[in-house]
Amino acid sequence: MSDILLIAPPWGDIYGPFQSLSRRFNFQPPLGLCYLASALKKNGHKVQVLDAEAQNLSMDGIIKIASGRRWRAIGITATTPVYPKAVDLSIRLKRAFGGPILLGGPHATILKEEALHSSNCFDYVVCGEAENTIVALVNHLDAGGDISNVPGVIFRSGERLIATGQAPRVTHLDEIVFPDRADLNPRNYLWSVPGRGWVPTTSVMFSRGCPYECTFCAQNDMYGKTVRYRSPDNLLQELEEIVETTPFRHFVFNDDTFTADRKRVMALAEGILKRKLPLSFECETRANLLDREIVSALREAGLVRINIGIESGDADILGRLKTGITLDDVRSSLRLLKSFGIETRGSVIIGAPYENRQTVVKTLNWIAKLKDLDQPYINIAAPYPGTLMRKMALRGEGGARLVRSDYGALTRYGSAAMEVNDLSADDLVRLQKRGLRRAYMRPRRLWYNFKRAGLLAGIVNGVAFLRGILKAGKSNG
């Protein structure tokens, strides 16, 4: 059987001046690679997972590790903003390694043939949910089999590109082996958890798929519109195994809409309590999918923080983003969460099609005054491939203009790839900086975020935030 290296390239600088802050609030293990590692190990292969950002590895550091062992294949995962780094890394690996290099992840799944870079740095693009695909591909590489028989793969044959067709999605998620976290150092994934300080944190997933069609999201291309769930018992087994065998004690659910299936979520909360699992967790959900009973059950089970998509403080823009929520939904859900002592995060987007300076300022004013919102996230609209927003920008709908086509520009922080109506890219960066400063400098929010996870976390997070604001100011006037 084969030795396989799976790499998550460094990603911190896609957050621009807020790189230090992103490492404090968004730093999760590469869950997708951990799933692939499990699938490969189950089939007899040896696997090493390399998280370059967590391990503070430069490109040279990655190359050194890759050169120190004879790998049958190397796989790289990439989102769209990270894709240029994946290309650079693959070109350098080709010189040092020479064997087949695989590209997977969201960018590969959405762009498909286009992801096979013109430099020939990638040998195979693996599309979609890859647990079964990567095992079949590696087995065929070992046996010298015909790769065209492996669904979900794109590769070159001479001058031709061959796409083997879409691999079927896993219908019953309980059949997937738990992610292999053996190569993760828990000390590399410390989160400041409300009331607990710095806690080793890992990500888990309860479901795949999203039935909603927000203009800024391409998750439907990755996991489909039909939501598939693990059983509560299956997820509880994984949580129990992690608690018993690792130092991880805080969990981030990566589901797009965690509370979409009320019955399953209530069963999960009941199971955590019944098994007396010593953990805390957080999740994302929609503002219109929360009520007092479900929030109470989740809080008792260990819920400490929820992130909801606010997206805009202007009702017309909110409707154009096709989120299906209202400003009243946002207000009432935040009020409900705070009544249970749950920390609240909420994200907004500025600079989407149909926006103008007036609507953006309205959004920034609104979130600054939302007293039940503890941590606002202000994102500059990024028209990712596969999204309706990108199609709108390319055809100029709503006054949108795509001013940068390079994928590395789709970062959401400190730069803008799209202009809209009377807002230039520089205007959006200045408004983002101003909005963040105003939102977090309010006395109640400032004090809460300073004391929320202890003195040390307050100081570290505060310094990271101020550093981001100062860097943004220097780079954009």
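Draft legend 1. Structural view of the pattern of salt bridges. Tallying each qualifying case throughout the model produces 30 salt bridges. Residues Lys41 and Asp180 are paired through a salt bridge, measuring 3.1 Å at the closest nitrogen-oxygen approach. Remark: Asp180 occurs in the loop between strand E7 (160-163) and strand E8 (190-193) and Lys41 occurs in helix H2 (residues 31-42); sequence separation between them is 139 residues.

Draft legend 2. Seen up close, the packing of aromatic side chains. Under the defined criterion, the tally for this structure stands at seven aromatic pairs. When the centroid spacing of 4.6 Å and the interplanar angle of 40° are considered together, the rings of Phe253 and Phe258 count as tilted. Take Phe253: its relative accessible area is 3%, and that puts it in the buried class. Overall, Phe258 belongs to the buried group, its relative accessible area being 2%. Three or more aromatic residues joined by ring pairs make a cluster, and in this case those are Phe206, Tyr229, Phe253, Phe258 and Phe281. A cation over a ring is seen here: Arg286 above Tyr212, with NZ or CZ 3.7 Å from the ring centre. The ring of Tyr448 carries the charged tip of Lys338 above its face, separated from the ring centre by 4.8 Å.

Draft legend 3. Expanded view of unusual backbone geometry. Located in the positive-phi region is Asn56, a residue other than glycine, with phi close to 55°. Relative to the assigned elements, Asn56 resides in the loop between strand E2 (46-51) and helix H3 (59-67). The backbone phi angle of Glu311 is positive, close to 75°, even though this residue is not glycine. Tracing the backbone through its elements, the reader meets Glu311 in strand E14 (residues 303-311). For Glu311, a relative accessible area of 9% puts it in the buried group.

Draft legend 4. The side chain of Gln375, seen in detail. On the secondary structure map, Gln375 appears in strand E16 (residues 375-380). Residue Gln375 is classed as buried on the basis of its relative accessible area, which comes to 1%. Within the structure, the side chain of Gln375 is placed 2.5 Å from the side chain of Arg345, a separation counted as a polar contact. Reaching out from Gln375, the side chain makes a polar contact with the side chain of Asn449 at a distance of 3.1 Å.

Conventions used here
- Residues numbered from 1 in each chain as written.
- Predicted model: local features only at pLDDT ≥ 70, side-chain atom pairs only at ≥ 80, totals over all residues.
- Heavy atoms only, no water.
- Salt bridge = Lys/Arg side-chain N within 4 Å of Asp/Glu carboxyl O.
- Helix = DSSP H or I, 4+ residues; strand = E, 2+ residues; numbered from the N terminus.
- Phe/Tyr/Trp six-rings, centres within 6.5 Å; stacked < 30°, edge-to-face > 60°.
- Buried < 20%, exposed > 50% of the residue type's maximum accessible area, 1.4 Å probe, protein only.
- Lys NZ or Arg CZ within 6 Å of the ring centre and 35° of its normal.
- Polar contact = N/O pair within 3.5 Å; in protein donor to acceptor, adjacent residues only side chain to side chain.

Bear in mind that shape data such as this cannot, by itself, settle questions of function.
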